[in-house]
Amino acid sequence: MIVKETSLPEVLEITPRVFEDNRGFFYETYNAERYRQHGITVTFVQDNRSKSQAGTIRGLHYQLNNPQAKLVRVTRGEVLDVAVDIRKGSPRFGQWVAVKLSADNHKQLFIPEGFAHGFIVLSKEADFEYKCSDYYHPEDEYGIFWQDPTLKIDWPDIPNHRLSPKDLKLPMLNKVSEKELPLYE
């Protein structure tokens, strides 16, 4: 597999080695030892999957007291996946990276603790799968509004966005209290 740093060095873009022939393809979606060799040493405890329609935006989410590192991928369709550094004291606070993930390119994105995460569906539908380093705790869920103008995320211009009522009410980053942000360590 090929692992490369993004513009946020802690966020890693992973391209697996895919074996293709006239029957289809095969690749490892996860191998703890190979990931450890590339510095991804977290233990994943929960796998999640979502199915979303075109224009669906999920995020930008994070957990504060039970932070989650995530290893994300798309098994059907295509998304633009976004990670935002929200760690207090980080030299890259408020900076973001976006990577297209699709069933065709097989790419994964590793997002460490301390980053808000979200995505927008670019295809008609998308199946999104991710591993988490901690369990989901609904009482510990926080988020940043996806269109926060101070972040200047370059979202694609897709009509008819679909967001949950909860995500529509998320605050701008500058409205999040200091105690609701992870520390940079």
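Going by the structure above, here's the rest.
Residues numbered from 1 in each chain as written. Predicted model: local features only at pLDDT ≥ 70, side-chain atom pairs only at ≥ 80, totals over all residues. Heavy atoms only, no water.

Colleague: Go over unusual backbone geometry, please, and point to the residues and values.
Modeller: The step from Gly 59 to Leu 60 runs through a cis peptide bond, and the omega angle for that step is 10 degrees. Along the chain, Leu 60 turns up in strand E6 (residues 57-63). Of note, the phi angle at Lys 152 is positive, near 55 degrees, even though the residue is not glycine. With respect to the helices, strands and loops of the structure, Lys 152 is situated in the loop between strand E13 (141-143) and helix H2 (165-168). You can call Lys 152 exposed: its relative accessible area is 65%. (Helix = DSSP H or I, 4+ residues; strand = E, 2+ residues; numbered from the N terminus. Buried < 20%, exposed > 50% of the residue type's maximum accessible area, 1.4 Å probe, protein only.)

Colleague: Any chance you could break down the sheet that holds strand E1 (residues 2-5) for me, citing the residues and the numbers?
Modeller: Taken together, the 6 strands give an open sheet; going across it, the order is E1-E2-E10-E7-E12-E5, and neighbouring strands pair in antiparallel fashion. Of all the strands in the sheet, the pair left with one neighbour each is E1 and strand E5 (46-53). The mean inter-strand angle of the sheet, taken between neighbouring strand axes irrespective of direction, is 25 degrees. Two strands pair when backbone bridges link them, and strand E7 (residues 70-76) and strand E12 (residues 125-132) are joined in this way by 6 bridges, in the antiparallel orientation. Looking at E12, one finds that Val 72 is bridged to Tyr 130. (Pairing = 2+ DSSP bridges. Axes fitted to C-alpha atoms, helices over the stretch in contact; angles between N-to-C directions.)

Colleague: Break down the nonpolar core for me, citing the residues and quoting the values.
Modeller: In terms of nonpolar packing, the biggest core is built from 22 residues, with Leu 60, Tyr 62, Val 84 and Ile 144 touching the most fellow members. Those elements giving two or more residues to this core turn out to be E6, strand E8 (78-85) and strand E11 (115-121). Once you skip the residues sitting within four places of it in the chain, Tyr 62 turns out to touch Ile 86, Phe 115, Ala 116, Asp 140, Glu 141, Tyr 142, Gly 143, Ile 144, Val 176, Glu 180, Leu 181 and Pro 182. Counting 16 residues, the second-largest nonpolar core is a separate cluster that includes Leu 8, Val 11, Val 72 and Val 79. (Core = buried A, V, L, I, M, F, W, Y, C linked by side-chain atoms within 4.5 Å. Contact = heavy atoms within 4.5 Å.)

Colleague: With reference to specific residues and values, describe the sheet that holds strand E9 (residues 96-102).
Modeller: Read from one edge to the other, the open sheet built from 5 strands follows the order E9-E8-E11-E6-E13, with strand pairing classed as antiparallel. Lying at the two open borders of the sheet, with one neighbouring strand each, are E9 and E13. Neighbour to neighbour, the strand axes of the sheet diverge by 30 degrees on average, direction disregarded. Relative to E11, E8 runs antiparallel, the two sharing 7 bridges. Each bridged residue has a counterpart across the sheet, and for Val 82 the counterpart in E11 is Gly 118.

Everything listed here is a matter of coordinates, which is why it stays silent on function.
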